[in-house]
Amino acid sequence: MLRAFRDAFRIPDLRRKIVFTLLLLAVYRLGSTIPTPGVNTAALESATSGGLFGLISLISGGNLSQFSIFALGVLPYITASIVIQLLTTTVPALEKLSKEGEEGRKKINQFTRYAAVGLGTAQALFFSLFITSNPAYVAVGWDPGIFTTVVMVLTQVAGIAFTMWIGERITEVGVGNGISLIITSGIIANYPREIAATGQLLNTEQTSVVRILVFVAVILVTIAGIVYVYQGERRVPVTYARARGGAPTGAVRNMGGQATWLPIKVNQAGVIPVIFASAMLIIPNLIATATATRAPAVNAWIQSNLVFGQPLYLALEGLLIFGFTYLYNSVQFDPKRISEQLREAGGFIPGVRPGTPTAEFLGGISGRLSLWGAVFLVILTILPQIVQRATGITTFQFSGTGLLIIVGVALETLKQLEAQLTVRRYDGFITKGRIRGRLNN
């Protein structure tokens, strides 16, 4: 990894892309320190410490807890992308657009932007009403009325649009996926403050060196496990009867009719099931808040059993992650469609008949991999909660979701850098060969 970055800085073009990416990320982090007008950030921070609010605040780099001008950031864009992606497999018009090449993708991206602004407006209105409904969250000198709400919503919508522009510019001109890098920078931005707070626990003898060492060891083991599973894939052998260019999605393009493979990842769903599960589990807490006065017994039971880290909460979260993993994978990976693409491209899986048997074969593999992917996500979600309760170190936000995002983005960015380095080495080799040929002639 270090060699790839070192080689990239030696190439002027890649060096400019890396510097451009870092400058745009710096602009984003600078905007994250500017609070939204009319918000008492000190009082609001305590309300976004757990549940879905805590997860959103983690992904946004603490922007939600401070309700900065980038409080929502890329979250509406991510939500819109997931929705459009799911609709593409079910709505014939969108599916047709996805098959029209670059022009179709541009239209789908445009729909995604519009949907992101719409969702962002609704989310900004929700959070703004949440803030203005509690006078303690409103800054001194501001009236918790319609004017303050409108100012907050307009500020957040402008921040969403600007954040999307930064992400797209990084993707087009810089290095890596801009949206993913923005999320990663937000998560990493919290680490210095949390490390300092953990060190303060050691100075005040609220924890011991052994506990911190165990905590760090678990984090390192978790990162190693994430890398191992993230890179893990099942390679299904595919043979083509003739040379064709229309290989199915994800398959290695065949050359001259040679055998190749179709890669199926162990964790196809990424962190989506964890986000969906966290969103579902915040509903009981909303119910508890609404019934605090009318049904105190229900409120007390929910606050005792369905809160972060409790056994029942962990069990329900694990079941929801399993369900959403299978649901998302069934939508993302369509064995029937891939089987048809293989047959149209003149390809087949050795020992498996084309058509329905191939679809059933691929569906069985995807189902088994989904099982292990779900187990991985459950362990990754529950382990940090258990470790934090056992060690008593709650100052560092040890989140499996955050680590999965960081490791995944780092690996993908590294792959892109290595690919660009390989292309430039290949171009240099071709150029030198042409020059030598001209000299010899």
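Cut-offs and rules
- Residues numbered from 1 in each chain as written.
- Predicted model: local features only at pLDDT ≥ 70, side-chain atom pairs only at ≥ 80, totals over all residues.
- Heavy atoms only, no water.
- Helix = DSSP H or I, 4+ residues; strand = E, 2+ residues; numbered from the N terminus.
- Buried < 20%, exposed > 50% of the residue type's maximum accessible area, 1.4 Å probe, protein only.
- Contact = heavy atoms within 4.5 Å.
- Areas by Shrake-Rupley, 256 points an atom, 1.4 Å probe, with all protein chains shown as cover.
- Expected span 1.5 Å × (residues − 1).
- Core = buried A, V, L, I, M, F, W, Y, C linked by side-chain atoms within 4.5 Å.
- Patch = residues over 30% accessible without salt bridge, like charges linked within 9 Å, V, L, I, M, F, W, Y side chains within 5 Å.
- Salt bridge = Lys/Arg side-chain N within 4 Å of Asp/Glu carboxyl O.

> Explain the overall build of the protein chain residue by residue, including any values.
From N to C terminus, the protein chain includes 18 helices and three strands. Buried positions account for 43% of the 441 residues belonging to the protein chain. Considering only contacts in the protein chain between residues 6 or more positions apart, those separated by 24 or more positions represent 74%. Accessible surface, the protein chain as shown: approximately 23100 Å² in total, 65% of it carbon and sulfur.

> Lay out helix H8 (residues 101–132) in plain terms, naming residues and giving numbers.
Helix length check: H8, at 32 residues, gives a terminal C-alpha distance of 46 Å against a target of 46 Å (1.5 Å per residue), a fit within 8%. Taken together, the buried positions of H8 are occupied by Gly104, Ile108, Thr112, Ala116, Gly120, Ala124, Phe127, Ser128, Ile131 and Thr132.

> If you had to explain the nonpolar core to someone new, which residues and values would you point to?
Generally speaking, soluble globular proteins have nonpolar side chains that are buried together. If you look at the biggest cluster of nonpolar residues, it comprises 78 residues, and the most contacted ones within it are Phe67, Ile131, Leu362 and Phe398. Considering each element in turn, this core owes the most residues, nine residues, to helix H17 (residues 356–391). In this structure, Leu14, Ile18, Val175 and Leu421 belong to the second largest nonpolar core, which totals six residues.

> So what's going on with a nonpolar patch on the surface? Residues and values would help.
A grouping of Trp301, Leu312, Leu316 and Leu319 is seen on the molecular surface, where their side chains present a nonpolar patch of about 380 Å² in accessible area. Within the secondary structure, leucine 319 sits in helix H15 (residues 311–332).

> If you had to explain the pattern of salt bridges to someone new, which residues and values would you point to?
Applying the stated criterion across every chain, the model contains four salt bridges. With a closest N to O distance of 3.9 Å, aspartate 13 and arginine 16 form a salt bridge. Taken together, the residues span about one helical turn, with aspartate 13 and arginine 16 both in helix H2 (residues 12–31) at a distance of three residues. A relative accessible area of 29% means that aspartate 13 is categorised as partly exposed. One salt bridge connects glutamate 168 with arginine 113, and the closest N-O pair in it is separated by 2.5 Å. Of this pair, glutamate 168 sits in helix H9 (residues 146–173) while arginine 113 sits in helix H8, and the two are 55 residues apart along the sequence. Under the relative-accessibility criterion, glutamate 168 is labelled buried at 19%. Residue classification places arginine 113 among the partly exposed residues on the basis of a relative accessible area of 29%.

> I'd like a rundown of the environment of leucine 369, residues and numbers included.
The topology assignment puts leucine 369 in helix H17. Given the relative accessible area of 13%, leucine 369 is considered buried. Through-space distance from the C-alpha of leucine 369 to that of asparagine 329 is 9.8 Å; in sequence the pair is 40 residues apart. Ignoring sequence-local partners within four residues, the contact set of leucine 369 consists of Arg234, Ile264, Lys265 and Val266.

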